[in-house]
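Structural overview
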Amino acid sequence: MSNHIRANSILPAHREDIELHTADGVTLVGELARPLDREPVATLVCLHPLPTHGGMMDSHIYRKAAWRLPALAGVAVLRFNTRGTSSVRGTSGGSFSAAVDEKYDVAAAIEYAEFADLPNIWLVGWSFGTDLTLMYGLDPAVSGAILLSPPLRFSKPEHLDAWAAAGKPVTAIIPEFDDYLRPAEAKERFAAIPQCEVVPVDGGKHLWVGDAETILDEIVRRVAPDVPTPLPRTWDGPIETGDMNAYADRTVAAFSEVEVPKPLRDQRPSQD
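Here is a short report on the structure shown in this document. Because the structure is predicted, anything quoted here is derived from the model rather than measured.

Scoring rules and cut-offs
Each residue is numbered by its place in its chain's sequence as written, counting from 1. Selection of residues for local features in this predicted model requires a pLDDT of at least 70, selection of side-chain atom pairs for listing and counting requires 80 or more, and totals for whole chains, interfaces and linings are taken over all residues. By convention in this description, side-chain values take in all heavy atoms of the structure and omit both hydrogens and water. By the criteria applied, helices consist of DSSP H or I runs no shorter than four residues and strands consist of E runs no shorter than two, each listed in order from the N terminus. Here an angle of 0 to 180 degrees is reported between the N-to-C directions of two axes, which are lines fitted to C-alpha atoms, with helices fitted over the stretch in contact. Each angle is binned into one of four classes, with values under 35 degrees roughly parallel, values over 145 roughly antiparallel, values of 65 to 115 roughly perpendicular, and all other values oblique. For any pair of crossing helices, the crossing counts as left-handed if the nearer helix is rotated counterclockwise from the farther one by less than a right angle, and right-handed if it is rotated clockwise. Contact criterion: two residues are considered in contact whenever any of their non-hydrogen atoms come within 4.5 Å of each other. Each residue receives one of three labels: charged for Asp, Glu, Lys and Arg, nonpolar for Ala, Val, Leu, Ile, Met, Phe, Trp, Tyr, Cys and Pro, and polar for the others, Gly being one of them. Two aromatic rings, drawn from Phe, Tyr or Trp (for Trp, its six-membered ring), form a pair once their centres lie within 6.5 Å of each other, and the interplanar angle then sorts them: stacked below 30 degrees, edge-to-face above 60, tilted otherwise. For the exposure calls, accessible area comes from a 1.4 Å probe over protein chains only, and a residue counts as buried if that area is under 20% of its type's maximum, exposed if over 50%, partly exposed in between. Placement of a positive charge over a ring is assigned whenever Lys NZ or Arg CZ falls within 6 Å of the ring centre and within 35 degrees of the normal to the ring plane. An expected span of 1.5 Å times one less than the residue number is assigned to each helix.

**Topic: the environment of Phe96**
As for its position among the elements, Phe96 is in the loop between β8 (90–91) and α2 (102–115). Taking the C-alpha atoms as reference points, Phe96 and Ala186, separated by 90 residues in sequence, lie 27 Å from one another.

Laid out in structure tokens, this is it:
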């Protein structure tokens, strides 16, 4: 009997709590989800939205990726809380650094995936996570990058230039009604990366509410092109149900009056 895959559906996978240890001595909490019965064909390292506005490793696109993609696409999903960020998994050490010290978090996640012999590592950034991807994700172990709702708020032209020079694939998935960067402007800004594919999503908004299936399909098409898409919307095997109440306090409304942090101009990130 087939079960419809719903927002809170958890498909079978090998899931383990992990810790990442940064070069500046911070411990980050996370989870690695892998296919249960085969080696992964690709690996997603997920960099979440602003923690000051509810972003965390459980932000819904990443939660659904970890709950579905190991079974549906054979893709491993590594997600974690950047410094000072909390979720059901726990709270990472350190404190939010406005895209400065988070460079160590990105490096630790890539290093973990590499040392765990996870194949075909792709960075998937969302909002603030796209800035971290562009600023710090150009690592020899990384195959490419997927950017969800990139605001280009902390990253600079030189970061785009570096990705352009590297020639690694970049896909920017842009919601039609984004709060920060809409498709027409995104095409202009990302023209700095000739190999960047800009994918507009009709009707989409910054938080992708109602668009999870579309986004997961677009991700799988890039990282695992041999996997048929759209992905199945039903599942014939065992299925569990996640607790959605755990995320009720992370709604957009809860952060409606919280100022979005600005880049720390006097603490420009070093390039080491």
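**Let's talk about the packing of helix α1 (residues 60–73) against helix α6 (residues 212–223)**
Running from amino to carboxyl end, α1 crosses α6 at an angle of 55 degrees, the nearest separation of the two axes being 10 Å. Between α1 and α6, the interaxial angle falls into the category oblique. Seen from above, α1 lies across α6 with right-handed handedness. Residues His60, Ile61, Lys64, Ala65, Arg68, Leu69 and Ala73 of α1 form the contact with α6, whose own contacting residues are Ala212, Glu213, Ile215, Leu216 and Val220. Along the lines of polarity and charge, the residues of the contact of α1 with α6 split into eight nonpolar, one polar and three charged.

**With respect to the packing of aromatic side chains**
Scanning the model with the defined rule gives three aromatic pairs in all. Ring centres 5.6 Å apart and planes at 55 degrees place the aromatic pair Phe96 and Phe128 in the tilted group. Pair noted here: Phe96 is in the loop between β8 and α2 and Phe128 is in helix α3 (residues 128–136), with a separation of 32 residues, a long-range link. Judged by its relative accessible area of 2%, Phe128 falls in the buried class. These aromatic residues form a ring-pair network of at least three members: Phe96, Phe128 and Phe154. One Lys or Arg, Arg63, reaches over the ring of Trp67 and ends 5.6 Å from the middle of that ring.

**Regarding α6**
With twelve residues, α6 extends 17 Å between its outermost C-alpha atoms, agreeing within 8% with the 16 Å of an ideal straight helix rising 1.5 Å per residue. In terms of residue burial, α6 counts as a mostly covered element, since nine of its twelve residues are buried. Among all positions of α6, only Ala212, Ile215, Leu216, Asp217, Glu218, Ile219, Val220, Arg222 and Val223 are buried.

**Notes on unusual backbone geometry**
Excluding glycine, most residues fall at negative phi; most peptide bonds, likewise, are trans. For the bond from Thr229 to Pro230, the omega torsion is 0 degrees, close enough to zero to count as cis. Its location among the elements puts Pro230 in the loop between α6 and β13 (234–235). Positive phi is not limited to glycine here, since Ala99 has a value of about 70 degrees. Of note, Ala99 is situated in the loop between β8 and α2. Backbone geometry places Ser127, a non-glycine residue, at a positive phi of 55 degrees. Structurally, Ser127 is set in the loop between β9 (121–126) and α3.

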